[in-house]
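Reading the structure
Here's the letter readout for the chains.
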Amino acid sequence: MKITRKDFLRISGLSLLAAGCKRAAESVSQPASSVRAASTQPVRWGMVIDLSKCREKDGCNACIHACNAAHNIPQIANHAHEVKWIWTEPDATVFPSAQTDFAPQTVTETKVPLLCNHCANPPCTRVCPTQATWKRDDGIVMMDWHRCIGCRYCVAACPYGSRSFNFEDPRPSIESINPDFPTRTKGVVEKCNFCEERLARGLKPACVDACPQRVFTFGNLADPESEPRQLLRERFAVQREPELGTGPSVFYLV
Amino acid sequence: MRDRVWIFAGLAFFVAALTCPAWYAVANGKASNKSKPPNLELPANQKECVAPAGTMRAAHMQMLIQWREDVVRHGDRRFVAFNGKVYEKSLTRTCLGCHNKEQFCDRCHAYSGVSDPYCWNCHNDPQTVAGSRTRSTP
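Below, the discussion takes up the overall build of chain A. Within chain A one finds 10 helices and 10 strands. Over its C-alpha atoms chain A spans a radius of gyration of 25 Å, topping by over 25% the 18 Å that the globule rule assigns to 254 residues. In terms of principal-axis extent, the alpha carbons of chain A reach across some 100 × 45 × 30 Å. Within chain A, the proportion of its 254 residues that are buried is 35%. Excluding contacts between residues fewer than 6 apart, the proportion of contacts in chain A whose partners are at least 24 apart in sequence is 64%.

The following block contains the structure:
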């Protein structure tokens, strides 16, 4: 088949026009889909911890045991090598600037449950050189243990001591392994993941479900009608060291 | 030509040294054993995998890496298989829900000379840890 110069120019012109139209149609349809994604309800998972209820059953530690069992957390005797996701410390240590001279001993000495604050502006994720830890769209400060190189910058950056490093192989120190959750390996950092794996199945975090006093209220802080938001409207709450500007998502009712 | 004896003796020694691993294997009866494909135990309760057997054989490692990226980094746990069936993207729950690690994964990995991928440094085989505890989640 012979093609004239005129036909060639006509065909190539039409093809270019068609390709251009397709591109234009795509660019018009794309923003529409991203607008649709953005209009869905935003999520910021958060937790409210009622210390007055926790005080009633001081030394219970059901939350800690539930977390340890669910996440294969090793119990290491050497304090320097300790691994912890949720733990307790005395009220006076956790909220040093909130203490008064004449506060009752029952308050200053009670143990306060502590965990990763899943900050709105987390310093740990900024310093991670491999993006092994990052902030998810739902507010969870997540860890990818596959990618962690064990540099411990995040441990240094976290002002709350929420991160632990595996100085040794954790497996021998795990009482009974839960096969549904991986253990970690020597040389990676770990911390509370707000039970991301349970949230994906529509469950609440293990500590929330395990507490006999219902101390923990878990929910979406971005939703004004959620349980934690209702509690925060009704009662006075504090965060750990809010002056650092990290914006913790864990609140304490004192 | 008076060195002929030495030259041929040297050549014979060289060839013998070069081929000694093969002779050694034959002498130990390993060669015939090794050439046989491993006897893999297939799941009794399932006839189908998440992809056709050929694809799984060639590309299960890429699939596992992809699943890992999807679950850990994007929170996407839903896998729609080639036949439209939906699976959870999970090594422990989906793969090891049917397959036995020791009689399936390990046998073929040992045969192919790629034993002990570091998945198992952290991920658990439910069969081996089952004795210590029953599964906790639904």
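Quick look at unusual backbone geometry now. All names here are of chain A. At asparagine 61, a position not held by glycine, the phi torsion is positive, near 60°. Mapped onto the fold, asparagine 61 is located in the loop between α2 (51–56) and α3 (62–71). With a phi close to 50°, arginine 214 is a non-glycine residue in the positive phi region. Looking at the element boundaries, arginine 214 is found in the loop between α9 (206–210) and β8 (216–220). Residue arginine 214 is classed as exposed on the basis of its 10 C-beta neighbours within 10 Å.

We now examine the domain arrangement of chain A. Per the domain assignment, the segments making up chain A are domain 1 (1–40) and domain 2 (45–253). For domain 1 of chain A and domain 2 of chain A, the distance between their C-alpha centres works out to 52 Å.

Attention now goes to helix α3 (residues 53–74) of chain B. All names here are of chain B. Over its 22 residues, α3 runs only 27 Å from end to end, short of the ideal 32 Å by more than 12%, given 1.5 Å per residue. The axis of α3 is deflected most strongly, by about 75°, at alanine 59. Of the residues flanking the end of α3, it is glycine 75, one or two places downstream, whose phi is positive at about 65°.

Our focus in this paragraph is the interface of chain A and chain B. Counting residues at the interface gives 15 residues for chain A and 19 residues for chain B. For the side of chain A that touches chain B, the residue count by class is six nonpolar, five polar and four charged.

Let's shift gears to the confidence of the model for chain A. Across chain A, the average pLDDT comes to 92, with 96% of residues at or above 70. Low confidence marks residues 33–38 of chain A, where pLDDT is under 50. Its contacts with residues over four positions away, or in another chain, come to zero contacts.

With that settled, consider the nonpolar core. All names here are of chain A. In terms of nonpolar packing, the biggest core is built from 48 residues, with Ile49, Cys67, Ile86, Leu115, Cys207 and Phe216 touching the most fellow members. The set of elements that each furnish at least two residues to this core consists of β1 (45–50), α2, α3, β3 (111–114), β5 (141–143), α9, β8 and β10 (250–253). Ignoring sequence-local partners within four residues, the contact set of leucine 115 consists of Trp85, Ile86, Ser162, Cys192 and Val250.

Turning our attention to the sheet that holds β1(A). Residue and element names in this part refer to chain A. Ordered by their spatial adjacency, four strands build an open sheet running β8-β1-β10-β9, and the pairing between neighbours is mixed. Edge positions in the sheet fall to β8 and β9 (237–238), since each has one partner strand and no second. As paired elements, β9 and β10 share two bridges and run antiparallel to each other. The residue bridging alanine 237 from the neighbouring strand is leucine 253, located in β10.

Attention now goes to the pairing of β10(A). One ladder, built from four bridges, connects β1(A) with β10(A); its direction is parallel. Bridging across to β10(A), Met47(A) finds its partner in Val250(A).

The rules we used
- Counting from 1, residues in each chain are numbered in the order their sequence is written.
- Going through the entries in the order they are written, you letter the chains from A and number the ligands from 1.
- A pLDDT threshold of at least 70 governs which residues receive local features in this predicted model, and a stricter bar of 80 or more applies before side-chain atom pairs are shown or counted, although totals over entire chains, interfaces and linings include all residues.
- Counting from the N terminus, the helices are DSSP H or I runs at least four residues long and the strands are E runs at least two residues long.
- When we talk radius of gyration, it's over C-alpha atoms, and the globule rule is simply 2.2 Å times the number of residues to the 0.38.
- The exposure scheme places C-beta atoms from the backbone and then counts, for each residue, the other C-beta atoms within 10 Å of its own, assigning buried at 20 or more, exposed at 12 or fewer, and partly exposed in between.
- For every residue pair, C-beta atoms are placed from the backbone, and the pair is scored as a contact if these atoms sit within 7 Å.
- Reported domain spans reflect what an automatic or database domain assignment gives.
- In a helix, the anticipated span is given by 1.5 Å times the number of residues less one.
- In this analysis the local bend is the angle between axes fitted, respectively, to the seven residues ending at and the seven residues starting at the residue.
- Any residue that is not Ala, Val, Leu, Ile, Met, Phe, Trp, Tyr, Cys, Pro, Asp, Glu, Lys or Arg is counted as polar, Gly included; the first ten are nonpolar and the last four charged.
- The quantity called pLDDT is the predictor's confidence in a given residue, expressed from 0 to 100.
- By our criterion, buried Ala, Val, Leu, Ile, Met, Phe, Trp, Tyr and Cys residues that link up through C-beta atoms within 7 Å make up a nonpolar core.
- For two strands to count as paired, DSSP must find a minimum of two bridges between them.

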